[in-house]
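This is what each chain is made of:
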Amino acid sequence: MDESQPDKQIGYILRSYPRLSQTFILNEILALEQIGVAIEIFALTHPHEKIVQMQVNQIQAPVHYLDEVIAPRRFGNMLSVNMRVARRYLRGYIRSLLYIARNRAIDHGYTASNRWECFLQAIYLIHMLISKEERTGKKIDHLHAHFAHDPTLIAYLVHTITGVPFSFTAHARDLYQVPEDVLRDRIGDANAIITCCHANLEYLNQIAPEHQSKFSLVYHGVNLKDFRVVTNSSVNSIASSPLILSVGRLVEKKGFQDLLQALFLARGKGENFRCEIYGDGPLCQQLKEWIEEHGMTGEIKLMGDRSQQELIAVYQQANLFILTPVQTEDGDRDGIPNVLLEAMAVGLPVVTTAVAGIPELVDNNENGLLYQPHDVDGIASGIVELLCNPDKRGQLGDAASKKVREQFDVVQAAKRLKTLFIYRVPHN
């Protein structure tokens with residue numbers, strides 16, 4: 001590795017920025033900047049969420065939004081932008097235009113925009129790159145897209161037109177619900193493909209075995225400075241009403257319905273507890289009604305969204321963390337939920353399910369309790385066991401913190417990513 005190589009500019013392509021539920025991307029960008037990587041962010045849209053993570057203000061990267069280019073009022077301007085890009089990169093422009101026209105399958109998989117909108121956003125991104133180089137003399141040397149659907153399609157098109165190398169990180173639904181032939185196109189032209197768990201890596205090896213050398217497993221890391229291990233805390237104490245914590249978007253794949261049923265069974269066995277569920281989403285009203293219908297409003301509270309900084313204090317006051325993800329009928333699933341990493345980092349014992357990459361993090365009866373998805377009876381028994389056994393809570397929590405600190409440090413993850421972005425030799 002040539003450390004004397006001049007600094008390169010990395011362009012990050014994101015579907016939406018800044019997203020409250022994508023703290024792992026914020027932490028990744030921040031960690032890269034802290035080790036000297038210059039980044040510029042190109043987001044397809046702004047989510048306009050009420051709560052914004054503290055890390056957003058710490059990130060130095062300028063942010064550009066691509067969604068306005070597809071507004072009808074910008075039609076005239078986009079004609080001139082297309083002409084500018086076509087004059088400079090005629091062969092690549094025609095090649096990408098034909099690719100989009102011929103590949104209707106792109107719109108049949110998981111996507112938030114249609115393929116023509118992505119094409120226009122790619123053209124506009126190239127227009128911005130040309131303007132940046134003319135204005136400052138600096139260029140974007142490498143593009144990295146988070147999520148294998150729309151952001152990676154845009155990176156692929158920019159590469160096809162301009163030759164700028166790209167890589168992408170594949171996570172969950174974006175990996176499994178993009179048509180395999182479409183995904184193979186993106187894999188074939190990318191310099192590197194990164195994913196966050198072995199289950200995803202196995203899928204990539206299965207659909208594109210000829211490109212195995214491009215695939216890298218890089219776990220999402222935790223900023224260990226923020227997640228202080230709790231000592232002599234409520235984690236190990238016997239409280240009259242111990243606090244159970246869960247965090248996540250209120251969507252089907254998070255499995256909150258199973259969690260509520262397990263808590264109902266635990267209460268039926270005489271256990272006394274409080275449970276706070278942090279997060280929001282389309283299932284909020286349904287879960288609220290279930291809690292009311294089953295007479296559990298005294299035990300279970302839906303707390304709504306919070307920033308990561310606010311949640312750190314909550315983690316440190318809890319006795320037990322539970323997350324029960326499932327794989328949905330359409331194949332949607334988690335990789336390794338970052339909230340599990342955060343809970344384990346502070347020394348919380350966890351009860352969770354063996355979905356996707358979670359068994360890579362949680363070793364059953366060593367640093368947490370692991371059950372099969374939808375095993376409500378098993379999950380309930382694990383809850384009862386840990387509520388009744390503070391010594392075991394402490395042992396599991398200590399082992400959980402040790403594993404996260406040894407294997408899931410965001411600084412180490414950033415160093416690996418820097419190597420892949422800057423020093424990896426492009427594939428021909």
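Residues numbered from 1 in each chain as written. Predicted model: local features only at pLDDT ≥ 70, side-chain atom pairs only at ≥ 80, totals over all residues. Heavy atoms only, no water.

Trainee: Got a minute to help me understand helix α12 (residues 308-315) in this structure?
Mentor: Among the residues of α12, those classed as buried are Gln308, Leu311, Ile312, Val314 and Tyr315. End-on, the buried residues of α12 take up no more than an arc of 165°, which puts them together on one face. Considering only its buried residues, α12 is in contact with α1 (23-34), α2 (55-58), β8 (243-247), β9 (274-278), β11 (320-323) and α13 (338-345). (Buried < 20%, exposed > 50% of the residue type's maximum accessible area, 1.4 Å probe, protein only. Helix = DSSP H or I, 4+ residues; strand = E, 2+ residues; numbered from the N terminus. Arc of directions from axis to C-beta. Contact = heavy atoms within 4.5 Å.)

Trainee: Whenever I open this one, the packing of helix α8 (residues 180-189) against helix α9 (residues 198-207) confuses me. Can you help?
Mentor: When two helices pack together, their arrangement is given by the angle between their axes and by how far apart the axes lie. It is at 11 Å that the axes of α8 and α9 come closest, and there the two elements cross at 95°. Between α8 and α9, the interaxial angle falls into the category roughly perpendicular. Contacts from Glu180, Leu183, Arg184 and Ile187 of α8 reach α9 at Tyr203, Leu204 and Ile207. Its residues assigned to classes, the contact of α8 with α9 shows five nonpolar, no polar and two charged. (Axes fitted to C-alpha atoms, helices over the stretch in contact; angles between N-to-C directions. Parallel < 35°, antiparallel > 145°, perpendicular 65-115°, else oblique. Nonpolar A, V, L, I, M, F, W, Y, C, P; charged D, E, K, R; others polar.)

Trainee: Can you help me understand the confidence of the model for the chain in this one?
Mentor: Close reading of the predicted structure is inappropriate where its pLDDT is low. Per-residue pLDDT for the chain has a mean of 93; in total, 93% of the residues score no lower than 70. Below a pLDDT of 50 lies the segment residues 232-238, which in the model reaches 20 contacts outside its immediate sequence neighbourhood of four places, other chains included. (pLDDT = per-residue confidence, 0-100.)

Trainee: Please clarify how the packing of aromatic side chains should be interpreted in this entry.
Mentor: Aromatic ring pairs are described here by two measures, namely the spacing of the ring centres and the angle between the planes. Applying the stated rule across the entire model yields ten aromatic pairs. Plain terms: the ring middles of tyrosine 219 and phenylalanine 408 are 4.6 Å apart, the flat faces sit at 40° to each other, and that makes the pair tilted. On the criterion of sequence distance, the pair formed by tyrosine 219 in the loop between β7 (215-217) and β8 and phenylalanine 408 in the loop between α16 (390-407) and α17 (410-423) is long-range, its members being 189 residues apart. Using a relative accessible area of 17% as the deciding quantity, one classes tyrosine 219 as buried. On the accessibility criterion, phenylalanine 408 (1% relative accessible area) is buried. Cluster of aromatic residues (ring-pair linked, three or more members): Tyr93, Trp116 and Phe119. Sitting above the plane of the tyrosine 176 ring, arginine 333 keeps its charged end 3.6 Å from the centroid. (Phe/Tyr/Trp six-rings, centres within 6.5 Å; stacked < 30°, edge-to-face > 60°. Lys NZ or Arg CZ within 6 Å of the ring centre and 35° of its normal.)

Trainee: Mind showing me how you'd approach the sheet that holds β9 here?
Mentor: Adjacent strands of a sheet pair through backbone hydrogen bonds, lying either parallel or antiparallel. Ordered by their spatial adjacency, six strands build an open sheet running β10-β9-β8-β11-β12-β13, and the pairing between neighbours is parallel. Each edge of the sheet is formed by a strand with only one pairing partner; in this case those strands are β10 (300-304) and β13 (369-371). When strand polarity is set aside, the average angle formed by the axes of neighbouring strands in this sheet is 20°. Across five bridges, the pairing between β8 and β9 is parallel. Each bridged residue has a counterpart across the sheet, and for serine 246 the counterpart in β9 is isoleucine 277. Running at roughly 155° to β8, α12 makes contact with β8, β9 and β11 of the sheet. (Pairing = 2+ DSSP bridges.)

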